[in-house]
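Here is what each chain is made of, one letter per residue.
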Amino acid sequence: MKYKYWMAAVTGIGNATKRKLIEYFGGARGVYEADIIAMIQSGLVKEDIAEYIMRQKELWSLEDEYEKFLENEIGFSTIEDRSYPSLLRTIHNAPYALYYKGTLPGAKETLIAMVGARKASAYGKTMAYEIAKALSRAGYGIVSGMALGIDGESHRGAIDQGGRTYAFLGCGVDVIYPRNHDKLYRQIIENGAVISDFAPHTTPLPEYFPVRNRLISGISKKTLVIEARKKSGSLITADLAMEQGRDVLALPGRISDVMSEGTNQLIAQGAGIITGIDAIIADLTDLGGLENIDAKGCSAYQFNLEKDELLVYSCFDFYSKGLEQVQMECGMELVPLMSIVIRLCELGLIRETFRNRYIRLG
Amino acid sequence: MYGVVSCAIVHGIDSLLVRAETDLSSGLPVFEMVGFLGSEVKEARERVRTAMNNCGYNLPIKRITVNLSPANIKKSGSGFDLPVAVSILAAMGVITKSDLSDVVMAGELGLDGRIYPINGVLPMVLAASDCSKKLCIVPYENYEEASLVPDMKVIAVSDLKETVEYLNNETEPKAPDLFESNDIKAEEADFRHISGQKVLRRACEVACAGLHNMLFIGPPGSGKTMAAKCLPSILPPMNVDEQMELSKIYSVSGKFEERGHLMDRRPFRSPHHSISQAGLIGGGVNVTPGEVSLAHGGVLFLDELTEFRHDTMEALRQPMEDKRVTVVRASGSYTYPASFMLVAAMNPCKCGYFPDLSRCTCTRADIERYLGRISQPMLDRIDICVEAPRLSFSDIRSTTDNESSKDIRKRVLKALSLQKERFAGTDIAFNSRIPAKDIEKYCYLGPKEEKHMEELYGALSLTARTYHKLLRVARTIADLSGDSRIRIEHLNECVCYRCIDKGEWEKCL
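Residues numbered from 1 in each chain as written. Chains lettered and ligands numbered in written order. Predicted model: local features only at pLDDT ≥ 70, side-chain atom pairs only at ≥ 80, totals over all residues.

Right, let's talk about the overall build of chain A for a bit. Of the regular secondary structure elements, chain A holds 17 helices and 12 strands. Overall, chain A is about 85 × 40 × 35 Å in size when its C-alpha atoms are taken along their principal axes. The buried share of chain A, reckoned over its 362 residues, is 47%. Sequence-distant contacts in chain A: of pairs separated by 6 or more residues, those separated by 24 or more amount to 67%. (Helix = DSSP H or I, 4+ residues; strand = E, 2+ residues; numbered from the N terminus. Buried ≥ 20, exposed ≤ 12 C-beta atoms within 10 Å, placed from the backbone. Contact = placed C-beta atoms within 7 Å.)

Rendered as structure tokens:
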């Protein structure tokens, strides 16, 4: 393992070269023990790079460094190991090593990536949560990036359902970013893993995030884009997913909604369209819906609402609406309206997203 | 040879009578003043000497000692010139009226003997009245406010000679005409001019009916400031005690202008957000009341709440709790009443458009930082919080059937009369001032309502912190509808106005 750890820490060569070197020398140990002449003779690295690798070997204390690493209680899996996710192996530029906290997905686990904007609308967040929940219930693992907004909601959906969820980070796995996701971070470790190809202690930098996006799509069978602006990281992930030959599905939105511009654009370009959760699942299993999951969650009709309450309820939308607007649409007096709104909140049919703004949940 | 006369110093918004005594004795000719004097009082010596000379009263070639007693209180203000001059004249025998002990006077002297107006005349005359003095002599320009004190003879004088004349011969100088108070009140903002914004209007009504603190959140141009400016038009009238207290504050800070009556409108103060802590709370070299005191009994409107300096905003917490401020300086401690209704307006984020994601350009961290400028303890003190949404075109266009302030005020007054009845015999004035220990007594919930509240707690993740605030607001809403009991619909409505708990707030992002 210590040789592999050294191999993972080597800089100056890319993941593809590392793989070739390992094939040539028969493992990380072989690479470590090879001398400079053998290295140059392999024809895989140029002279200066070979010298550079030798220098790193001299500066690296094999035992000490590995022991120090073990103290962190961070899992470590290389492309040579069986625990390495098989689907990830197939992508171009697959990382040589993965650091993780928690447990890596099992060989039989099917993963679905869910990505989207950090600053998402209430609709996007609700949908992300519900879709993740339903997919979890159907036995799929949810992969995302632990960012704010859609990513966080997707993880939460899976966790609340008791399913598995995996987060790829743009920093070391022992760095919690964003800070206010520390609780989510711990929950993900309990219900799956946080994974990164960056060495521990790496601090997040903007350029790291697109790099990890290829892993999110790479490890997953399908990539769902929930909400994305026109130029956004989520679209990068979608592009990468397509390059990797994975299916991309996008959640459609209203054309006037900036948060759905990106996803609508994906659909126009030929990405799959999320019409309902059971449709995704049917697609995955080729068996038709395993169980009919109601994307709409709870139904208004199970509560025997009064006529007024139904009227008010029908004025709410999946996009947040102010009390003012609802009042104009339903034409009721303000005071009784507020009473009904609070009752609907209480029943869990609508939710307050901001001061006096509500979205419907069912 | 000895002369004595009464004058007064202002301390806080109250006044204390001080004796100005003069002794003329043989010795080297000096003019000395003692009695713990501030620098402006020390300067009185030069003004008095010159003014007396210029009025034809030559100072005797004697040792002149002036004492302002009690000597343990710091004397400040420019009102001592006249009493010092008169006490010297009495000691000189120029003023023949032997008993000046019933006379209280105040005024600043010019070098030519003219008398200039001073601040704080109203509390001085009140203090004189409390000490059963018979006569007050005040500068001509201060006659207005001095004459508001009942049962007190007030003489307005405009120069030193006139004063001497009056004291010797009882020839009353002509009193200035009292300012004709015309009841036509200046055109003020009216709720009739606010289109749409039904939630905002209703929240304003509830807030005024119980004097609850209020926060508006909304994008720029949604009418937050305008709504706040309409508040005075629906506020209840002040009683005489309140009027007197407010007038004293304005008199002390030199803001009591010609009006011919006490301050009878509840004040509306809207300081700019660059205000300093001393400006808001009170302070300065010569301690003067701050905006919180000037808004006493009325509305303190803080527009762009997040732009206020953090320490300035936090300094508000204590007066909001205690309903008065105590400013402690080296020269002493001063207490001013500061029972105001806080109304604040803010944008939801830096660019102002959140949660409209198509226009808002802020990142989540930006929004958190922006909202983070308001501390939780501050939010805890706000009872009502409403969104002022962006107006649609049809809202702006519709000018019809907006309820006018007059109609709203009627309901507010009805609610207040119920409160007056309820709190008779206690020192509680409004629902918002119900102390926590009396909540159970005044905001009683029936078993059905209690159960409903419990359900709301679970469903909306309310915190215990908000519980009392909710009940106070619910009480006001019940008062507005004339109900003696708080009912479910009142609870539901007040929950709509609840102030977001910080944690809850951030979850919305």
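Here we come to the overall build of chain B. Counting secondary structure elements, chain B contains 22 helices and 18 strands. Across its three principal directions, the C-alpha atoms of chain B cover 90 × 45 × 45 Å. Burial analysis of chain B (509 residues in total) assigns 47% to the buried set. Within chain B, contacts between residues separated by at least 24 positions form 74% of all contacts whose residues are at least 6 apart in sequence.

Below, the discussion takes up the interface of chain A and chain B. Opposite the 26 residues of chain A that make contact, chain B presents 25 residues. Secondary-structure elements contributing two or more residues to the side of chain A that touches chain B are helix H16 (323-330), helix H17 (334-347) and strand S11 (350-354) of chain A. Sorting elements by how many residues they give to the side of chain A that touches chain B places H17 of chain A first, with nine residues. The class makeup of the residues in the side of chain A that touches chain B is 11 nonpolar, eight polar and seven charged. (Nonpolar A, V, L, I, M, F, W, Y, C, P; charged D, E, K, R; others polar.)

What follows covers the sheet that holds strand S5 (residues 165-168) of chain A. Residues and elements named next belong to chain A. Taken together, the nine strands give an open sheet; going across it, the order is S1-S2-S6-S5-S4-S3-S7-S8-S9, and neighbouring strands pair in mixed fashion. Looking at the sheet topology across the chains shown, the edges are occupied by strand S1 (75-78) and strand S9 (272-273). Along the sheet face, helix H12 (residues 233-243) touches strand S3 (111-115), strand S7 (222-225) and strand S8 (247-250) and points at about 155 degrees away from the line of S7. (Pairing = 2+ DSSP bridges. Axes fitted to C-alpha atoms, helices over the stretch in contact; angles between N-to-C directions.)

Put simply, chain B has an average pLDDT of 87, and 94% of its residues get 70 or more. For this predicted complex, the interface score ipTM comes out at 0.71, while the overall pTM is 0.78. (pLDDT = per-residue confidence, 0-100.)

Attention now goes to unusual backbone geometry. Cis rather than trans, the peptide bond between Tyr177 of chain A and Pro178 of chain A has omega equal to -5 degrees. By the element assignment, Pro178 of chain A lies in the loop between S5 and helix H10 (182-190). Across the junction of Ser69 of chain B and Pro70 of chain B, the peptide omega takes the value 10 degrees, indicating a cis bond. Mapped onto the elements of the fold, Pro70 of chain B is located in the loop between strand S4 (63-69) and helix H3 (81-92). Backbone geometry places Asn93 of chain A, a non-glycine residue, at a positive phi of 60 degrees.

Locating Asp322 of chain B in the fold gives a position in helix H13 (residues 317-322). Owing to 13 C-beta atoms within 10 Å, Asp322 of chain B belongs among the partly exposed residues under this scheme.

Our next topic: helix H19 (residues 447-460) of chain B. Between its first and last C-alpha, H19 of chain B extends 20 Å over 14 residues, near the 20 Å set by a 1.5 Å rise per residue. For H19 of chain B, a buried count of one out of 14 residues is recorded, marking the element as mostly open to its surroundings. (Expected span 1.5 Å × (residues − 1).)

Another aspect to go through is the domain arrangement of chain A. For chain A, the domain assignment lists domain 1 (1-71), domain 2 (111-285) and domain 3 (300-360). Put simply, the middle of domain 1 of chain A and the middle of domain 2 of chain A, counted by C-alpha atoms, are 34 Å apart. (Domains from an automatic or database assignment.)

This brings us to the domain arrangement of chain B. Residues and elements named next belong to chain B. The domain architecture assigned to chain B consists of domain 1 (2-169) and domain 2 (191-413). Summarising the inter-unit geometry, the C-alpha centres of domain 1 and domain 2 are found 41 Å apart. At the junction of the two partners, domain 1 supplies 14 residues and domain 2 supplies 18 residues. Among the elements of the structure, strand S1 (2-11), helix H4 (121-130) and helix H5 (143-146) are those that each provide at least two residues to the side of domain 1 that touches domain 2.

Turning our attention to the pairing of strand S9 (residues 153-157) of chain B. Residues and elements named next belong to chain B. Of all five residues in S9, four are buried; the element is thus mostly enclosed. Where strand S8 (residues 135-139) and S9 come together, five bridges link them in parallel fashion. Bridge pairing links Pro139 to Val157 in S9.

With that settled, the discussion passes to the sheet that holds strand S11 (residues 268-269) of chain B. Think of a sheet as strands paired side by side through backbone hydrogen bonds, with each pair either parallel or antiparallel. Residues and elements named next belong to chain B. An order of S11-S14-S17-S10-S18 is seen for the five strands of this open sheet, with the pairing classed as parallel. In this open sheet, the two edge strands, each paired with only one partner strand, are S11 and strand S18 (384-387). Alignment of strand S10 (residues 214-217) against strand S17 (residues 341-346), held across four bridges, turns out to be parallel. Looking at the pairing, Ile217 lines up with Met346 of S17. Together, S10 and S18 form the strand contacts of helix H7 (residues 198-210), whose direction differs from that of S18 by roughly 165 degrees.

This brings us to the nonpolar core. Met114 and Val341 of chain A together with Ala85 of chain B are the most contacted members of the largest nonpolar core, which has 252 residues in total. Per element, the largest residue contribution to this core is nine residues, and it comes from helix H8 (residues 122-137) of chain A. Once residues within four sequence positions are removed from consideration, Ala85 of chain B is found in contact with Val48, Ala51, Met52, Leu109 and Leu160 of chain B. (Core = buried A, V, L, I, M, F, W, Y, C linked by C-beta atoms within 7 Å.)

Okay, the packing of H17 of chain A against H19 of chain B next. Relative to each other, H17 of chain A and H19 of chain B sit at 60 degrees, their axes nearing to 8 Å. As H17 of chain A packs across H19 of chain B, the resulting crossing turns out to be left-handed. Residues Ile342, Cys345 and Glu346 of chain A of H17 of chain A form the contact with H19 of chain B, whose own contacting residues are Glu455, Leu456, Ala459 and Leu460 of chain B. (Left-handed = near helix turned anticlockwise from the far one by under 90°.)

Residue and element names in this part refer to chain A. In the predicted model, chain A carries a mean pLDDT of 85, and the fraction of residues at 70 or more is 95%. Looking across chain A, the model is least confident in helix H14 (residues 277-285), with a mean pLDDT of 74, and most confident in S5, with 95. Taken as a whole, residues 287-298 scores under 50 in pLDDT and shows 22 contacts with residues more than four places along the chain or in a different chain.

Bringing the environment of Ala128 of chain B into the picture now. Residues and elements named next belong to chain B. Along the chain, Ala128 falls in helix H4. Residue Ala128 is classed as buried on the basis of its C-beta count, with 27 C-beta atoms lying within 10 Å. Linking Ala128 and Met152, residues 24 residues apart in sequence, is a C-alpha distance of 8.6 Å. Once residues lying within four places of it in the same chain are set aside, the contact partners of Ala128 are Ala8, Leu17, Val104, Lys133, Cys136 and Met152.

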